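Coordinate analysis (summary)
What follows is the residue order along each chain.
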There are 2 protein chains.
Amino acid sequence: MAELIFRTARRADVPAIVAMLLDDEIGAARESGPPVHEEIDAAYWAGFEAVDADPRNELVVAERDGELVGTMQLTFIPSLSRRGAERLQIEAVRVRSDLRGRGIGRRMITWAVDQARERGCGLVQLTTDKRRADAHRFYASLGFQATHEGMKLIL
Amino acid sequence: MAELIFRTARRADVPAIVAMLLDDEIGAARESGPPVHEEIDAAYWAGFEAVDADPRNELVVAERDGELVGTMQLTFIPSLSRRGAERLQIEAVRVRSDLRGRGIGRRMITWAVDQARERGCGLVQLTTDKRRADAHRFYASLGFQATHEGMKLIL
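Below is a summary of the structure that appears in this document. (Residues numbered from 1 in each chain as written. Chains lettered and ligands numbered in written order. Predicted model: local features only at pLDDT ≥ 70, side-chain atom pairs only at ≥ 80, totals over all residues. Heavy atoms only, no water.)

Okay, the relation of the copies chain A and chain B next. When chain A is fitted to chain B, the best match, at an RMSD of 0.0 Å, comes from turning it 180 degrees and sliding it 0.0 Å along the axis. Taken together, the rotation angle and the small translation identify this as a two-fold axis. The C-alpha atom lying nearest the rotation axis in chain A is that of glycine 150 of chain A; the distance is 2.3 Å. With an isologous cut-off of 70% or more, the 100% of interface residues of chain A that recur at the interface of chain B puts this contact in the isologous class. (Least-squares fit on C-alpha atoms with pLDDT ≥ 70 in both. Contact = heavy atoms within 4.5 Å.)

This part takes up the packing of aromatic side chains. All names here are of chain A. For the structure shown, the criterion picks out six aromatic pairs over all chains. Geometrically, the ring pair formed by phenylalanine 6 and tryptophan 111 is stacked, given 4.9 Å between the ring centres and 15 degrees between the ring planes. With a gap of 105 residues between them, phenylalanine 6 in strand E1 (residues 5-8) and tryptophan 111 in helix H5 (residues 104-119) connect regions that are remote in the sequence. Put simply, the rings of Phe138, Tyr139 and Phe144 touch in pairs and so form one group of aromatic residues. Sitting over the face of the ring of phenylalanine 76, arginine 119 holds its NZ or CZ atom 3.9 Å from the ring centroid. (Phe/Tyr/Trp six-rings, centres within 6.5 Å; stacked < 30°, edge-to-face > 60°. Helix = DSSP H or I, 4+ residues; strand = E, 2+ residues; numbered from the N terminus. Lys NZ or Arg CZ within 6 Å of the ring centre and 35° of its normal.)

Moving on, we come to empty space enclosed by the protein. Taken as a whole, this structure holds four cavities of 30 Å³ or more when the rule is applied. What lines the largest cavity is a set of 16 residues, among which Gln89 and Thr127 of chain A together with Gln89, Gln125 and Thr127 of chain B lie closest to the centre. Contributions of two or more residues to the lining of the largest cavity are made by strand E4 (87-95), strand E5 (123-129) and strand E6 (145-154) of chain A together with strand E4 (87-95) and strand E5 (123-129) of chain B. For the lining of the largest cavity, the residue count by class is five nonpolar, seven polar and four charged. Estimates place the volume of the second largest cavity at around 40 Å³. Taken together, 13 residues form the lining of the second largest cavity, with Asn57 and Thr75 of chain A together with Arg56, Asn57 and Thr75 of chain B sitting closest to its centre. At the level of secondary structure, the elements contributing two or more residues to the lining of the second largest cavity comprise strand E3 (67-77) of chain A together with strand E3 (67-77) of chain B. By residue class, the composition of the lining of the second largest cavity is five nonpolar, four polar and four charged. (1 Å grid on protein atoms, 1.4 Å probe; cavity = no way out; pocket = protein on both sides within 12 Å on 5 of 7 lines; lining within 4 Å. Points joined across faces, edges and corners; volume = space filled by probe spheres on them. Nonpolar A, V, L, I, M, F, W, Y, C, P; charged D, E, K, R; others polar.)

Each partner contributes to the interface: chain A provides 62 residues, whereas chain B provides 62 residues. Ranking the residues of chain A by area buried against chain B places Leu80, Arg83 and Met151 of chain A at the top, with a combined share of 17%. A salt bridge links glutamate 91 of chain B to arginine 87 of chain A, with the shortest nitrogen-to-oxygen separation between them at 2.9 Å. Counting every contact that joins chain A to chain B gives 27 residue pairs in polar contact (both at pLDDT 80 or more). Element by element, the count of residues in the side of chain A that touches chain B is highest for E6 of chain A, at ten residues. (Buried area = accessible area lost by both parts, 1.4 Å probe. Salt bridge = Lys/Arg side-chain N within 4 Å of Asp/Glu carboxyl O. Polar contact = N/O pair within 3.5 Å; in protein donor to acceptor, adjacent residues only side chain to side chain.)

A few words now on the sheet that holds strand E2 (residues 57-64) of chain A. In any sheet, the strands associate via hydrogen bonds between backbone groups, in a parallel or an antiparallel arrangement. Strand order in the open sheet formed by twelve strands is E1(A)-E2(A)-E3(A)-E4(A)-E5(A)-E6(B)-E6(A)-E5(B)-E4(B)-E3(B)-E2(B)-E1(B), with mixed pairing between adjacent strands. Only two strands of the sheet have a single neighbouring strand rather than two, namely E1 of chain A together with strand E1 (5-8) of chain B. The average angle at which neighbouring strand axes cross in this sheet is 30 degrees, direction not considered. Sheet topology note: the E3 of chain A/E4 of chain A ladder contains seven bridges and is antiparallel. Looking at E4 of chain A, one finds that glycine 70 of chain A is bridged to valine 95 of chain A. Packed on one face of the sheet, H5 of chain A meets E1, E2, E3, E4 and E5 of chain A together with strand E6 (145-154) of chain B and runs near 30 degrees to E3 of chain A. Sheet strands in contact with helix H3 (residues 42-53) of chain B are E1, strand E2 (57-64) and E3 of chain B, and its direction is about 105 degrees off that of E2 of chain B. (Pairing = 2+ DSSP bridges. Axes fitted to C-alpha atoms, helices over the stretch in contact; angles between N-to-C directions.)

Residues and elements named next belong to chain A. Where helix H1 (residues 14-22) meets helix H3 (residues 42-53), the axes come as close as 11 Å, and the angle between the chain directions of the two elements is 110 degrees. Classified by the interaxial angle, the pair formed by H1 and H3 is roughly perpendicular. On H3, the residues that touch Val14, Pro15, Val18 and Leu22 of H1 are Tyr44, Trp45 and Phe48. Here the contact of H1 with H3 is built from residues that sort into seven nonpolar, no polar and no charged. (Parallel < 35°, antiparallel > 145°, perpendicular 65-115°, else oblique.)

Residue and element names in this part refer to chain B. The end-to-end C-alpha distance of H3 is 17 Å, a good match for the 16 Å that twelve residues give at a rise of 1.5 Å each. Those residues of H3 not exposed but buried are Tyr44, Gly47, Phe48 and Val51. Angular distribution of buried residues about the axis of H3 spans 100 degrees; they occupy a single face of the element. Along H3, exposed side chains directed more than 90 degrees from the buried face belong to Ala42 and Ala53. Measuring from the side-chain oxygen of the N-cap residue of H3 to the backbone nitrogen of alanine 43 gives 2.7 Å; that N-cap residue is aspartate 41. (Expected span 1.5 Å × (residues − 1). Buried < 20%, exposed > 50% of the residue type's maximum accessible area, 1.4 Å probe, protein only. Arc of directions from axis to C-beta.)

Structural data, given as structure tokens:
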């Protein structure tokens, strides 16, 4: 496989990132309105600015041959639990739909876990929709354990 | 019930907060070493400083008649998902063990959800250990749905 580069997302990446967030059956149902292509709703830009400005949040893209092939958001959460260890939370993991099943997701998560280790985090956590059985097997194969219920309240 | 006051934790609260984190069967197993009472490990202080300094993290205490009766950590996570909505994540929820079952936890979570609404969050989320069946029922009664697997990788 061609070289995969991981880097922090830039403004110019936002349309491709939003397209990946929408190009997903479960995710698409959550995003109201028509698919976003050329025009990006102002709310997405505001979301990007907020993530970009926060030193404990990093929107990451995986790039191959100059094209975005994946995205995920890393949130480093400080805490008093577990003797004051920071934890890494991974959200919004997406691989471009035509490139799934080729190990890109595995390299993304492995890279994220490596970042957490280097930073001295005590834990990496994420939640996956219970309908995504393949995602559970994927994360379990990377050492994650489904020890918790992920509970959500939509406002 | 006497009035319950919610406020941001101060340095002086840290020993009582750590005691609540430890006074819990599942939580205690996670914290290495002897119980912390008079002396607080430096790592807990560092954890407190990190949370306290972060505008997107708030360590909250519930106080009644001048005594701490509960604690929780709120993390506001910016995002591009859900049309750029911020989400509130609640972690490290504890009610003092001798005061459980009296509705303090319910008032804490209701207060946290109100904070999220006021701030314009699109979602409130948390994970609970699968062994805490009573906690699942509690959160379900507050409208949370166990739609996700909560996956953890301890480093």
